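Observations on the model geometry
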Amino acid sequence: MAYEKKIPVDLDCPLRLTMSLIESKWKSCILDELRSGKAMRPSEIHKCLPEAASRVLDIQLKEMVGDGLVVKTIYPELPPRSEYRITELGKSLLPIIDLMLQWGEEHFDIFKKKYQKE
């Protein structure tokens, strides 16, 4: 049974359309890890994002394949092996992710105050 969004995507709002592709917590991080164009196995992606639950990453990777942001290649061997690679559509989101990274660096003091344990 596939997850179905409770609120449909607003096709009249470009911002909401874009957010529908990267709104989940780990999708931007996954695209950032795949940005080099090098194919990565699921276990490699999981190692890059150890604080993310494997199940959540697997679900988000599946959604990203469905959205055309990444492509999954399954190799017919024993044991089976799969790899993920960023697509041109996924690469087109990298400038947005780069701006988010830059903004986070420029405003690090906000996060330090908010999340630093005293």
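All values derive from a computational prediction rather than experimental measurement. (Residues numbered from 1 in each chain as written. Predicted model: local features only at pLDDT ≥ 70, side-chain atom pairs only at ≥ 80, totals over all residues. Heavy atoms only, no water.)

So, helix α4 (residues 54-67)
The test is simple: Here a helix means four or more residues in a row that DSSP labels H or I, a strand means two or more in a row labelled E, and each is numbered from the N terminus. Given the number of residues in a helix, its expected span is that number minus one, multiplied by 1.5 Å. For the exposure calls, accessible area comes from a 1.4 Å probe over protein chains only, and a residue counts as buried if that area is under 20% of its type's maximum, exposed if over 50%, partly exposed in between. To be clear, the arc concerns the directions from the helix axis to the C-beta atoms. Contacts between residues were defined by any pair of non-hydrogen atoms, one from each residue, lying within 4.5 Å.
Between its first and last C-alpha, α4 extends 20 Å over 14 residues, near the 20 Å set by a 1.5 Å rise per residue. If you check which residues of α4 are buried, you get L57, Q60, L61 and M64. Take α4 and look down its axis: the buried residues cluster within an arc of 105 degrees, on one side only. Every exposed residue of α4 that faces more than 90 degrees away from the buried side is listed here: R55, K62 and G66. On the buried face of α4, the contacting elements are α2 (27-34), α3 (42-48), β1 (70-75) and β2 (81-86). Directly beyond the C-terminal end of α4, a positive phi value near 85 degrees is found at G68.

What to know about the packing of aromatic side chains
Note on aromatic pairs: each is described by the distance of the centres and the angle between the planes. The following threshold applies: Each Phe, Tyr or Trp ring (for Trp, its six-membered ring) is paired with any other whose centre lies within 6.5 Å, and the angle between the two planes then decides the class: stacked below 30 degrees, edge-to-face above 60, tilted in between. Here, a charge over a ring is recorded when the distance from Lys NZ or Arg CZ to the ring centre is within 6 Å and its angle to the ring normal is within 35 degrees.
Counted according to the given criterion, the structure contains 1 aromatic pair. An angle of 75 degrees between the planes, with centres 6.0 Å apart, marks the rings of W103 and F111 as edge-to-face. The class of W103 is partly exposed, set by a relative accessible area of 45%. Here F111 falls in the partly exposed class, since its relative accessible area comes to 30%. The ring of Y75 carries R81 above its face, with NZ or CZ at 3.9 Å from the centroid.

Observations regarding the pattern of salt bridges
Two side chains of opposite charge can pair, provided their charged atoms sit close to one another. For clarity, the cut-off: Think of a salt bridge as a Lys or Arg side-chain nitrogen and an Asp or Glu carboxyl oxygen that are within 4 Å of each other.
Inspection of the entire model under this criterion finds 7 salt bridges. The residue K27 makes a salt bridge to E63 at a minimum N-O spacing of 2.8 Å. Here the residue K27 occupies a position in helix α2, and E63 occupies one in helix α4, the gap between them amounting to 36 residues. Residue classification places E63 among the partly exposed positions, given a relative accessible area of 28%. Residues R35 and D98 are paired through a salt bridge, measuring 2.6 Å at the closest nitrogen-oxygen approach. Of this pair, R35 sits in the loop between α2 and α3 while D98 sits in helix α6 (residues 94-106), and the two are 63 residues apart along the sequence. A relative accessible area of 31% places R35 in the partly exposed class. Since its relative accessible area comes to 32%, D98 is described here as partly exposed.

Notes on the environment of I45
With respect to the element layout, I45 can be found in helix α3. Taking the C-alpha atoms as reference points, I45 and W103, separated by 58 residues in sequence, lie 24 Å from one another. Ignoring anything within four residues of it in the chain, the contact list for I45 reads I30, L34, M40, L57, L61 and Y84.

Description of the pairing of β2
This is how the line gets drawn: A strand pair is defined by DSSP finding two or more bridges across the two strands.
Alignment of β1 against β2, held across 6 bridges, turns out to be antiparallel. Among the inter-strand pairings, K72 is bridged to a residue of β2, identified as Y84. Here β1 folds back onto β2 in antiparallel fashion, the turn holding 5 residues.

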